[in-house]
Amino acid sequence: MSGTTGIPDAPPTADTVGPFAGSRALVTGGASGIGLATARRLAADGARVAVLDIAVDDLPGPLLGLRADVTDDDAVRAAVRSAVDVMGGLDVLVNNAGVGAAGTVEENDDTEWLRVLDVNLLGIVRVTRAALPALRASDRAAVVNTCSIAATAGLPRRALYSASKGAVLSLTLAMAADHLADGIRVNCVNPGTADTPWIGRLLDAAPDPAAERATLVARQPMGRLVTAEEVAAAICHLADPACAATTGTALAVDGGMAGLRLPAPPR
Ligand SMILES: NC(=O)c1ccc[n+]([C@@H]2O[C@H](COP(=O)([O-])OP(=O)(O)OC[C@H]3O[C@@H](n4cnc5c(N)ncnc54)[C@H](O)[C@@H]3O)[C@@H](O)[C@H]2O)c1
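Residues take numbers from 1 onward in each chain, read along the sequence in its written order. Totals for whole chains, interfaces and linings use every residue, but because this is a predicted model, local features are given only for residues with pLDDT of at least 70 and side-chain atom pairs only at 80 or more, for both listing and counting. The basis for every side-chain value is the complete set of heavy atoms in the structure, and neither hydrogens nor water enter the calculation.

**Some details on the site of the ligand**
Next up, step 1: Only heavy atoms are used to decide nearness, and a residue is near a molecule or strand if one of them lies within 4 Å of it. Taken together, 29 residues surround the ligand, and among them S32, D53, Y161, A194 and T196 come closest.
Next up, step 2: Polar contact is defined as a pair of N or O atoms within 3.5 Å, subject to the rule that within protein one atom must be able to donate a hydrogen and the other to accept it, and that residues adjacent in sequence are counted only when both atoms are side-chain atoms. For the ligand, an oxygen atom lies 2.8 Å from a polar atom in the backbone of N96.
Next up, step 3: Measuring from an oxygen atom of the ligand, one finds a side-chain N or O atom of T196 at 2.6 Å.
Next up, step 4: Protein burial of the ligand: of its 830 Å² of free accessible surface, 93% is covered by the chains.
Next up, step 5: Looking at the shell around the ligand, the elements with two or more residues in it are α1 (33–44), α5 (159–178) and α6 (197–205).
Next up, step 6: Helix numbering and strand numbering both begin at the N terminus, where a helix is a DSSP run of H or I of at least 4 residues and a strand a DSSP run of E of at least 2. For the shell around the ligand, the leading source of residues is α6, giving four residues.
Next up, step 7: In this classification, the charged set is Asp, Glu, Lys and Arg, the nonpolar set is Ala, Val, Leu, Ile, Met, Phe, Trp, Tyr, Cys and Pro, and all remaining amino acids, among them Gly, are polar. Each residue belonging to the shell around the ligand can be placed in one class, and the counts come to 15 nonpolar, ten polar and four charged. Note on areas: these come from Shrake-Rupley sampling with a 1.4 Å probe, and a residue is covered only by the protein chains present in the view.

Right under this line is the structure:
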């Protein structure tokens, strides 16, 4: 099938116990970092899990890889259709695929603005739009979007990235309202800086990676970066059918960065 990897004969195996036993989940950007940790955790907690990503060759174990770029509407529709066909439906959608951008409003040109918004914002629109019919048929439907601390705090040289994640936060609230009557809950997580391959690449590109890492660590009150597994735990919490009264929320997973005002350390 165009835009997808080979589809196995049988659906990915699922455990029979766990909060997601019997659930079918799709995770975008699930081949790395936060998405991979989420896909693994959903599978460990009983779900059948498909991963929609541009790179799906090295996925572990029971994860079903569907190659698609979230900027390509036809490929997204084909991949979502494959996920629903193979797994027999869809209960959980994790819109996690995203890319970064550094710069002030002067530093990114229009092409870069459109590229990042195309992935981070319109990617969520395309995948959710394609998944809605299957989600409406679920009796435990949940969508979780990976937003960011950048949606709620002003960070230096993150104008484009912050604007994209601010839009994801607003979109999360609007979708939660629109699809309440469909029985689909919509929430998002707002991670602080998480120790993923993304941040590894960012540090590698810095003139002084150790100093850059120390700066990122210092701005989080806990004094360390967030782990991908901690963000995955928050995503799974919001997607858990036991969380059935929670919709239209943003859950910070940021080591206290958004909410705390601590006294400055003595100089
Ligand atoms: N790492 C952080 O500090 C941090 C903080 C806040 C929010 N986030 C958000 O978390 C999400 C995941 O980030 P991560 O740190 O795990 O990054 P990552 O680079 O480790 O993983 C991102 C995944 O998305 C996939 N992807 C990228 N563009 C795609 C596209 N066009 N179509 C399909 N898949 C695509 C990549 O192939 C990769 O597998 C992103 O939305 C990011 O904005 C990350």
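From this point on, the discussion continues.
**Concerning the confidence of the model for the protein**
Next up, step 1: Across the chain, each position has a pLDDT score giving the predictor's confidence in that residue, from 0 to 100. Summing up the model confidence of the protein, the mean pLDDT is 94 and the portion of residues at 70 or higher is 94%.
Next up, step 2: Taken as a whole, residues 1–11 scores under 50 in pLDDT and shows 20 contacts with residues more than four places along the chain or in a different chain. Should any heavy atoms of two residues lie within 4.5 Å, those residues are counted as being in contact.

**Re the side chain of N96**
Next up, step 1: Within the element layout of this structure, N96 appears in the loop between β4 (92–95) and α3 (110–120).
Next up, step 2: Within polar-contact distance, the side chain of N96 engages the backbone oxygen of G29 at 3.2 Å.
Next up, step 3: Residues within four places of N96 in sequence aside, it is in contact with T28, G29, I34, G35 and T146.

**Quick look at the sheet that holds strand β6 (residues 185–191)**
Next up, step 1: Strand order in this open sheet of seven strands is β3-β2-β1-β4-β5-β6-β7, and the pairing throughout is parallel. Of all strands in the sheet, those with a lone pairing partner are β3 (64–67) and β7 (250–253), marking the two edges. Taking the axes of each pair of neighbouring strands and ignoring which way they run, one obtains an average angle of 20° across the sheet.
Next up, step 2: Sheet analysis places β6 next to β7, joined by four bridges and oriented parallel. Following the sheet pairing, N190 is matched in β7 by A252.
Next up, step 3: Structural elements are reduced to axes, namely lines fitted to C-alpha atoms, with helices fitted over the stretch in contact, and the angle between N-to-C directions of any two is expressed from 0 to 180 degrees. Helix α4 (residues 122–136) rests against β1 (24–28), β4 and β5 (142–146) of the sheet, and its axis sits at about 180° to β4. For two strands to be treated as a pair, DSSP must find no fewer than two bridges joining them.

**Digging into the pattern of salt bridges**
Any two side chains of opposite charge can pair if their charged atoms end up close together.
Next up, step 1: In the sections that follow, a salt bridge refers to a side-chain nitrogen of Lys or Arg positioned within 4 Å of a carboxyl oxygen of Asp or Glu. Using the criterion set out here, one finds 13 salt bridges in the structure.
Next up, step 2: For D118, the salt bridge is made with R126, and the minimal N-O distance between the two is 2.7 Å.
Next up, step 3: The cut-offs for exposure are 20% and 50% of the maximum accessible area for each residue type, with area from a 1.4 Å probe on protein chains only; residues under the lower value are buried, those over the upper are exposed, and the others partly exposed. What makes R126 buried here is its relative accessible area of 13%.
Next up, step 4: If you follow the salt bridges from partner to partner, you end up with R24, D91, D139 and R140 in one network.

**A few points about the pairing of β4**
Next up, step 1: Taking every second residue as pointing to the same face, both faces of β4 are buried, with V92 and V94 on one and L93 and N95 on the other.
Next up, step 2: As judged from the three bridges shared by β1 and β4, these two strands associate in the parallel manner. Of the residues in β4, the one forming a bridge with L26 is L93.
Next up, step 3: With four bridges joining them, β4 and β5 adopt parallel strand pairing. Residue pairing for β5: L93 is matched across the bridge by V143.

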